[in-house]
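Given next are the chains, with one letter for each unit.
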Amino acid sequence: MTAHAFLSASGSKRWMECPPSAMLEKQFKDVQSAYAAEGSFAHSLAELHLNLYLENISKHKFNSEWNKLQQNEFFSQEMIDYVDVYVGFAIERINAARARTKDAVIQIEQRLDYSPWVPNGFGTGDLITIADEIMEIADLKYGKGVPVSALDNPQMKLYALGAINQFNLLYDFQIVRMTIVQPRLDSISIAELSVKELLDWAENTVKPLAAMAIKGEGEFKAGNHCQFCKARFTCRARADKNLELAKLDFQDPPLLTIDEIAEVLAKAEELQKWAKDVSDYALDQAVNHDVKFPGWKLVEGRSKRVYSDEKEVANVLLAANYAEDIIYKPKELVGITAMEKALGKKKFGILLDGLIIKPAGKPVLVPESDKRPEICSTDSAKADFAEQIRSNRSAQN
Ligand code: SF4
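Nothing here was measured: the structure is a model prediction, and the numbers come from that model.

**Some details on the site of the ligand**
And then number 1: Lining the immediate environment of the ligand, one finds R14, C18, S21, L24, F220, K221, A222, H225, C226, C229, R232 and C235.
And then number 2: In this structure the site holding the ligand corresponds to the largest cavity.

The following block contains the structure:
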């Protein structure tokens, strides 16, 4: 598992919004999620390709490392294709830097030390180039669950500070360009700041917040940044924030108004996430640690009937003269995601060009800040909604 700083760059949004979270998290175990392991593996593929391109390793070494990587559970054609998008971008930026200056600095997977502002703070920059007055930092994000923008992104800004700390005395760059490549969302997000702006932010914002965080001081503040906090299941500040919903002062008239419903909608998503986190935590405690919660008990959940031996079931039914088309399902294509994974993004795109459609999505209510354009409640949207309600009801019956 990759080493992480106590006040890590990847967790910086959290410790900067909620400084005491860093100390609170210390009492919880570090568990690497499957998504994080998959992301690390994607980085290994990218690093290997870039090392070959930069002639840091021989073709022989590349092949032997590649053979090892092929044994990994996450290795797939789909991942190779997505990592290729990042590698292509990185090579383009390397060439652009070399075109500006022959002796451009090119670093990959570089440890970046931002400890002058954050005690023991360090992170890893996927790609750094320095040529003339511009330093570029690029970061591969393999996940696709949360779109990540480079704009005002504290993780990228801390990497930039680490790189400034390391290279500023040796090279005369004034501008830092920060790019996040998120190939599975088809996204390349770029932000630029001057070295001066970054150093101001470091002194006036980062340093005081880090000083509070390292001592466990400051105010607990819940928000979106709680999503990956290790304390999120039982954190009191998060519970308090979510329980505020129950305290909404709805009195007369007896039915909620449009404004009150809007207020509930605004809080419902976070409330649902929080309630799910608490339920998951409680189940884990009950199943794996024998914890009893007053008024609650552990029971067997509902289960579906399954054939104990599919071959034997078929033998019995065929012997009893049931036709194959009655006892077997017709051939069915695997789902689109599984197909893309099996074929790889490129082949999938070439072979199935024009054969994949994206029907209009079912209507959903989202906050006005959402980037998707507003739709009118057309007849087709109403029909979709009616269909959704019908299928929900039949699933419940
Ligand atoms: S769950 Fe949220 S409020 Fe609680 S410590 Fe973590 S970041 Fe802070």
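After that view of the structure, there is still more to cover.
**Quick word on the pattern of salt bridges**
And then number 1: Counted according to the given criterion, the structure contains 23 salt bridges.
And then number 2: The shortest N-O distance in the salt bridge between K207 and E203 comes to 3.7 Å. Here K207 and its partner E203 are both found in helix α7 (residues 195-215), 4 residues apart, which amounts to about one turn of the helix.
And then number 3: Overall, the relative accessible area of 39% leaves E203 in the partly exposed class.
And then number 4: Within this structure, E92, R93, E136, R177 and E192 form a network of salt bridges that share partners.

**A look at the packing of aromatic side chains**
And then number 1: Summed over all chains, the structure comprises 4 aromatic pairs.
And then number 2: On the numbers, 5.8 Å between centres and 10° between planes, the contact of F62 with W66 is stacked. Note that F62 and W66 are positioned in helix α4 (residues 59-69) at a spacing of 4 residues, about one turn of the helix.
And then number 3: Looking at W66, the relative accessible area reads 16%, which means it is buried.
And then number 4: Feature note: the residues F62, W66 and F75 constitute an aromatic cluster, connected by ring pairs.
And then number 5: Of note, K26 hangs over the ring of F6, and the distance from its end group to the ring centre comes to 5.5 Å.
And then number 6: Against the face of F122 rests R111, its NZ or CZ located 3.8 Å from the ring centre.

**Regarding the sheet that holds strand β3 (residues 134-140)**
And then number 1: Taken in spatial order, the 5 strands make up an open sheet running β1-β2-β3-β4-β5, and their pairing is mixed. Of all the strands in the sheet, just β1 (105-113) and β5 (187-194) have a single pairing partner and so form its edges. On average, each strand axis in the sheet is tilted by 25° relative to the strand beside it, whichever way the strands run.
And then number 2: Two strands pair when backbone bridges link them, and β3 and strand β4 (residues 175-182) are joined in this way by 7 bridges, in the parallel orientation. The partner of M135 across the bridge, within β4, is V176.
And then number 3: Here helix α5 (residues 77-100) sits on the sheet in contact with β1, β2 (122-131), β3, β4 and β5, set at roughly 45° to β2.

**Comments concerning the packing of helix α6 (residues 154-167) against α7**
Between two packed helices, what matters for the description is the angle formed by their axes and the separation of those axes.
And then number 1: At a minimum axis distance of 10 Å, the contact between α6 and α7 shows a crossing angle of 110°. As judged from the angle between their axes, α6 and α7 are roughly perpendicular. Across the interface between the two elements, P154, K157, L158, A160, L161 and I164 of α6 pack against V195, L198, L199, W201, A202 and V206 of α7.
And then number 2: Grouping the constituent residues of the contact of α6 with α7 by class yields 11 nonpolar, no polar and 1 charged.

**Examining the environment of V176**
And then number 1: Secondary-structure assignment places V176 in strand β4.
And then number 2: Between the alpha carbons of V176 and I137 there is a distance of 7.5 Å; along the sequence they are 39 residues apart.

**Observations concerning a nonpolar patch on the surface**
And then number 1: A cluster of nonpolar side chains, namely L256, I261, L265 and L365, defines an oily patch on the protein surface of about 410 Å² accessible area.
And then number 2: Tracing the backbone shows I261 in helix α9 (residues 258-289).

**Comments concerning the environment of S194**
And then number 1: Within the fold, S194 resides in strand β5.
And then number 2: If near-sequence neighbours (up to four positions away) are discounted, S194 is found in contact with Q174 and I175.

**Some thoughts on the domain arrangement of the chain**
And then number 1: Parsing the chain into structural domains produces domain 1 (12-215), domain 2 (233-289) and domain 3 (316-357).
And then number 2: A straight line from the C-alpha centre of domain 1 to that of domain 3 covers 40 Å.
And then number 3: Counting residues at the interface gives 6 residues for domain 1 and 6 residues for domain 3.
And then number 4: Summed over both sides, the interface between domain 1 and domain 3 buries roughly 620 Å², with carbon and sulfur atoms accounting for 53% of that surface.
And then number 5: Of all residues in domain 1, E78, D81 and Y82 give up the largest surface area on contact with domain 3, accounting jointly for 63% of the area buried on that side.
And then number 6: Viewed at the interface, domain 3 and domain 1 are joined by 1 salt bridge.
And then number 7: Where domain 1 meets domain 3, there are 2 residue pairs in polar contact (both at pLDDT 80 or more).
And then number 8: The residue makeup of the side of domain 1 that touches domain 3, split by class, is 1 nonpolar, 2 polar and 3 charged.

**A look at the side chain of S21**
And then number 1: Here S21 shows up in helix α2 (residues 21-25).
And then number 2: Aside from chain neighbours lying at most four places away, what touches S21 is R14, W15, F220 and C229.

**A few points about the layout of surface pockets**
And then number 1: Of the pockets and cavities examined, the second largest pocket occupies roughly 410 Å³.
And then number 2: Looking at the second largest pocket, it is lined by 13 residues, and the ones nearest its centre are A282, L283, A286, F293 and W296.

Conventions and cut-offs
Residues numbered from 1 in each chain as written. Predicted model: local features only at pLDDT ≥ 70, side-chain atom pairs only at ≥ 80, totals over all residues. Heavy atoms only, no water. Near = heavy atom within 4 Å. 1 Å grid on protein atoms, 1.4 Å probe; cavity = no way out; pocket = protein on both sides within 12 Å on 5 of 7 lines; lining within 4 Å. Sits in = over half its atoms within 2 Å of the grid points. Salt bridge = Lys/Arg side-chain N within 4 Å of Asp/Glu carboxyl O. Helix = DSSP H or I, 4+ residues; strand = E, 2+ residues; numbered from the N terminus. Buried < 20%, exposed > 50% of the residue type's maximum accessible area, 1.4 Å probe, protein only. Phe/Tyr/Trp six-rings, centres within 6.5 Å; stacked < 30°, edge-to-face > 60°. Lys NZ or Arg CZ within 6 Å of the ring centre and 35° of its normal. Pairing = 2+ DSSP bridges. Axes fitted to C-alpha atoms, helices over the stretch in contact; angles between N-to-C directions. Contact = heavy atoms within 4.5 Å. Parallel < 35°, antiparallel > 145°, perpendicular 65-115°, else oblique. Nonpolar A, V, L, I, M, F, W, Y, C, P; charged D, E, K, R; others polar. Patch = residues over 30% accessible without salt bridge, like charges linked within 9 Å, V, L, I, M, F, W, Y side chains within 5 Å. Areas by Shrake-Rupley, 256 points an atom, 1.4 Å probe, with all protein chains shown as cover. Domains from an automatic or database assignment. Buried area = accessible area lost by both parts, 1.4 Å probe. Polar contact = N/O pair within 3.5 Å; in protein donor to acceptor, adjacent residues only side chain to side chain. Points joined across faces, edges and corners; volume = space filled by probe spheres on them.

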